[in-house]
Structures are given as structure tokens and as C-alpha cells.
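Understanding the architecture of this molecule
Each chain is listed here by its residues.
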Amino acid sequence: MAVSTSPETPIPVGEVSRLIGGWIERLGAVWVEGQITQLSRRPGAGVVFLTLRDPSYDISVSVTCYRQVFDKVADVVSEGARVVVHAKPEWYAPRGQLSLRAAEIKPVGVGELLARLEQLKKSLAAEGLFAADRKKPLPFLPQLIGLVCGRASAAERDVLENARHRWPAVRFAVRNVPVQGVHAVPQVIAAVQELDALPEVDVIIVARGGGSVEDLLPFSDEQLVRAVGAAVTPVVSAIGHEPDSPLLDLVADLRASTPTDAAKKVVPDVGEELARVQQLRERARRAVDGFLQREERGLAAALQRPCIQRPQRMIEDREEQVTALLERGRRTLGHLLDRADSELTHTLARVVALSPKATLERGYAVLQKPDGTAVRSPQEVGADETLRARVAEGDFTVRVDGAPGAATAAE
């Protein structure tokens, strides 16, 4: 229930603490999971003090329990272990401090951890966080590599030495963070996000050596997996050895079996690249030489052709053909003219033979009336009618004398 207060009617600190304690009392006993970061067992003391921490959110809470409660799990529980505690929240009013009074402590076994990881894996896979189409390709030759690893660790040494051995000019931006324990998750996330924000960083390697399942748990944390999935820069996971498979391997853009393998996959080998360049140069040279040789052979074959050896031969051959065609054309035209001349001569002879002039030359005459019509019958003319007589050598006039049928020449 909210408390009504104002600047004129404030409530004392003690009353606020009492009210908070009352609200907390209503919560009742709860089961709480966390990782033990501090463990205090004073000799002869009947109370054991612990600090439970949530590695994903960097939140801690104090826990107290009686010695007989802790002694039941003292052999399997130590700092860094994950436990489930059945406890009742308590509010210490004089100091305004919240703590948990544990009545039972249960260690989280490896089997249970693996079961939870498998459930988390299925949940994240259903979201598509591990999908292949989300994977970003790595650059061929990164100029600056971000490295997240433990301080002075074997993983850091393996990555740096192998990378510089393969490509001496490669540069690294190293972020040393805890790689196990309660502080690992938030600091690894912060390092990845810091390197991801640097535009000059081309790829990020998260590396750690081998360890137990509990040691590698930070790299299966949901918050870390989501942070890597949201990174814009390609991320390479190099956690543990080949059999180890934290969830970070699934969300990373490339999974390396070891830190050494990560260096080999991220940085090309300068010797191999030089050899490859030399091979490509030789291949290109052979290709160019082969092309030139083929072209030279083609050119030599073209020069050996008769038309190139003696170009005028083509003209001479065509000249003979043209001369032959010309003579053939002349002969054909002559034959056509002779035939036409002969036909014309025969036609002319026939025309001459059929013309009236030929008849006149044989002694015949044609009598014509003044209007030019030929006289064909004596009945067509009258007495004293003047006619025109046409003979082969000319014409003259005649006059009809007497009855039709008798005519005399006039002049």
C-alpha cells in the first residue's frame, strides 16, 4: 500500500525501513539460483555468510544460513559454484540491508546445467539466432583484429604468435577480461561491444583455453549470446578444445576449434599467399604465351595461303573469266544480230512482194477517183469522168470516153 507523505508531513527513516521490512515479509520463502562469489565460514561461528550473484545481470545478494545447513553441501560447494537456495528474504532495519536466510542449499549438477543449456539452445535456435543466413563473411586480410581473452593467458599467446607468424604486419586490439567466474559475462559483453563500436576493427576473436563445463558456462550465457548475435563486426568463437561446444560457437560467424585454429582461419599465411600469387603469375604467363603462339601459327598459316603469297593471281583468274565472258557475250550478241538481220531481210522481202508497188512494176495500173478511192468496177465511173492512173514509175490522168467500160488517156 502506498504511503501518503508530503514535505510538511514526512515519515521517519525508521518508519520507512519498517514498512520495507513489512513488504518483504509478505514475499515468503523463494527458490533462488545464482553463483557463489564469496564464502565466509568463520571457525566456531554458527552462521555461514555467502554472496549469490547473477552472472548475466551483475546483481548480487547476501545469503546467510546456519552451519548445519551448509555442512550438508560443504564438500561439493565452493566459490564459483552454481547453487539453488531455498531462502526467505529478510530486511535488516537498522542498516537498511536486504539478505536471504537460506533453509536449504542444492548444488546445480552438470547434468542439470547441460539440460538447461539444451533448453536455452532450442529456444534461441527457434528465434533464428543461429541461422546460417545471419553469418557474416570474414575479411580476407583484416587490418585490425579485436581479441577478447584472459590476461596473460595461453589463448592470447597462441592467437598473437600464430597470427603474427602467418602475417607479420597484422595488428591487434586486445581486451583482457575474466574468462570464468561471476565477472566473466558482463566484462566479455562489454569488451565485445567496445570492439564492435570501433570502425577500424575488421573481426573480433573471443578466445579461451580448455576447462570444465562449469568453467565454460559464461560462454553459454544468454546475454552474451545475444550480444554477439547483435554485433555488426564478424565474431570468431575460439573457446576450449574441439569437443567443447558452448552456445557462443553457434551464434558466432565462425567457430574455431582452438585459439590457434582461430588465428589460422582469420589471418592468411603470407608464404602461402606469395606462393599462390606466383602460381597465378605463372598461369597467366602460360596463358598469354599460349595465346601468342596460337595467333602466330594462325598468322603463319594465313601468310602461306596462295592469295597472300601471290595476290595478283586472283585478279588474273578473274581477268581470264571476264575476257571469256566478254567474248561469249560478243558471240551471243553477233548471233542475235545476224538472226535479227536475216529475219528482217526475209520480212522485208515478204513485205516488198506483197506491196502494191511490186504489182505496179509488173505492168499493172491503179485507177483512182479524185477523192483517192480505187476504181474496182466499170460501173463505179461515169462518162467523161477524169480518173488518175498510178503506175510503177508515176501517175497520170485519164478521161472516161463514152459508156462505162471505155476510157482514154487525157495527158
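Residues numbered from 1 in each chain as written. Predicted model: local features only at pLDDT ≥ 70, side-chain atom pairs only at ≥ 80, totals over all residues. Heavy atoms only, no water.

When strand E1 (residues 30–40) meets strand E4 (residues 82–92), the two strands line up antiparallel, connected through six bridges. Bridge pairing links Glu 33 to Val 84 in E4. Of the strand pairs in this sheet, E1 and strand E2 (residues 47–54) are connected by five bridges, and their pairing is antiparallel. What sits directly across from Gln 35, in E2, is Arg 53. Where E1 folds back onto E2 in an antiparallel hairpin, the turn is made up of six residues, including Gly 44, whose phi is positive at roughly 80°. (Pairing = 2+ DSSP bridges. Helix = DSSP H or I, 4+ residues; strand = E, 2+ residues; numbered from the N terminus.)

The next subject is the pattern of salt bridges. A complete count under the given rule lists 16 salt bridges for this structure. A salt bridge links Asp 71 to Arg 41, with the nearest nitrogen and oxygen atoms 3.6 Å apart. Of this pair, Asp 71 sits in helix H2 (residues 67–71) while Arg 41 sits in the loop between E1 and E2, placing them 30 residues apart in sequence. Note on Arg 41: relative accessible area 40%, which makes it partly exposed. Close ionic contact of Glu 90 with Arg 101 constitutes a salt bridge, the shortest N to O distance being 3.6 Å. In this pair, Glu 90 sits in strand E4 while Arg 101 sits in strand E5 (residues 97–107), placing the two residues eleven residues apart along the sequence. A relative accessible area of 28% places Glu 90 in the partly exposed class. Owing to a relative accessible area of 27%, Arg 101 belongs among the partly exposed residues under this scheme. (Salt bridge = Lys/Arg side-chain N within 4 Å of Asp/Glu carboxyl O. Buried < 20%, exposed > 50% of the residue type's maximum accessible area, 1.4 Å probe, protein only.)

With that settled, consider the nonpolar core. Grouped together as the largest cluster of nonpolar side chains are 30 residues, with contacts concentrated most on Val 148 and Val 206. Those elements giving two or more residues to this core turn out to be helix H3 (110–126), strand E6 (144–149), helix H5 (184–196), strand E8 (203–208), helix H6 (222–229), strand E9 (235–239) and helix H7 (247–251). Ranked by residues supplied to this core, first place goes to H5 with six residues. Residues within four places of Val 206 in sequence aside, it is in contact with Val 148, Val 188, Val 192, Phe 219, Val 235, Val 236, Ser 237, Ala 238, Ile 239 and Leu 248. (Core = buried A, V, L, I, M, F, W, Y, C linked by side-chain atoms within 4.5 Å. Contact = heavy atoms within 4.5 Å.)

Moving on to the packing of H5 against H6. Between two packed helices, what matters for the description is the angle formed by their axes and the separation of those axes. At a minimum axis separation of 10 Å, H5 and H6 run at an interaxial angle of 5°. With respect to H6, the axis of H5 lies roughly parallel. Residue-level inspection shows Val 188, Ile 189 and Gln 193 of H5 in contact with H6, the latter providing Gln 223, Leu 224 and Ala 227. Each residue belonging to the contact of H5 with H6 can be placed in one class, and the counts come to four nonpolar, two polar and no charged. (Axes fitted to C-alpha atoms, helices over the stretch in contact; angles between N-to-C directions. Parallel < 35°, antiparallel > 145°, perpendicular 65-115°, else oblique. Nonpolar A, V, L, I, M, F, W, Y, C, P; charged D, E, K, R; others polar.)

This next bit is on H5. Its 13 residues give H5 an end-to-end C-alpha distance of 18 Å, which sits within 8% of 18 Å, the value for a rise of 1.5 Å per residue. Listed as buried for H5 are Ala 184, Val 185, Val 188, Ile 189, Ala 191, Val 192 and Leu 195. The arc that holds every buried residue of H5, seen down its axis, measures 165°, which confines them to one face. Packed against the buried residues of H5 are E6, strand E7 (171–176), E8 and H6. (Expected span 1.5 Å × (residues − 1). Arc of directions from axis to C-beta.)

Turning our eyes to something else, we now look at the layout of surface pockets. Considering only enclosed or pocket space, the second largest pocket measures out at about 300 Å³ in volume. Forming the boundary of the second largest pocket are 15 residues, of which Leu 114, Leu 117, Ser 220, Ser 245 and Pro 246 lie nearest the centre. Those elements that place two or more of their residues in the lining of the second largest pocket are H3 and H7. (1 Å grid on protein atoms, 1.4 Å probe; cavity = no way out; pocket = protein on both sides within 12 Å on 5 of 7 lines; lining within 4 Å. Points joined across faces, edges and corners; volume = space filled by probe spheres on them.)

Here we take up the side chain of Arg 53. In this fold, Arg 53 is placed in strand E2. One polar contact links Arg 53 to Ser 60, side chain to side chain, over a distance of 3.1 Å. The contact partners of Arg 53, leaving out residues within four places of it in the chain, are Gly 34, Gln 35, Thr 37, Asp 58, Ile 59, Ser 60, Val 182 and His 183. (Polar contact = N/O pair within 3.5 Å; in protein donor to acceptor, adjacent residues only side chain to side chain.)

Moving on, we get to the sheet that holds E5. Strand order in this closed barrel of five strands is E1-E2-E3-E5-E4, and the pairing throughout is mixed. Strand after strand, the sheet turns through a mean of 55° between neighbouring axes, direction not considered. Bridging between strand E3 (residues 59–66) and E5 involves four bridges; their strand directions are parallel. Directly across from Thr 64, in E5, lies its bridge partner Arg 101. Against the sheet, helix H1 (residues 13–25) engages E4 and E5, with an angle of about 140° to E4.

Attention shifts here to the sheet that holds E7. Within a sheet, adjacent strands bond to each other through the backbone by hydrogen bonds, running parallel or antiparallel. Taken together, five strands build an open sheet; the order of strands is E7-E6-E8-E9-E10 and the sheet is parallel. With one partner strand each, in any of the chains shown, E7 and strand E10 (254–255) form the two edges of the open sheet. Examined bridge by bridge, E6 and E8 share four bridges and lie parallel to one another. Within E8, the residue paired with Leu 147 across the bridge is Ile 205. Against the sheet, H5 touches E6, E7 and E8, its axis set at about 175° to E6.

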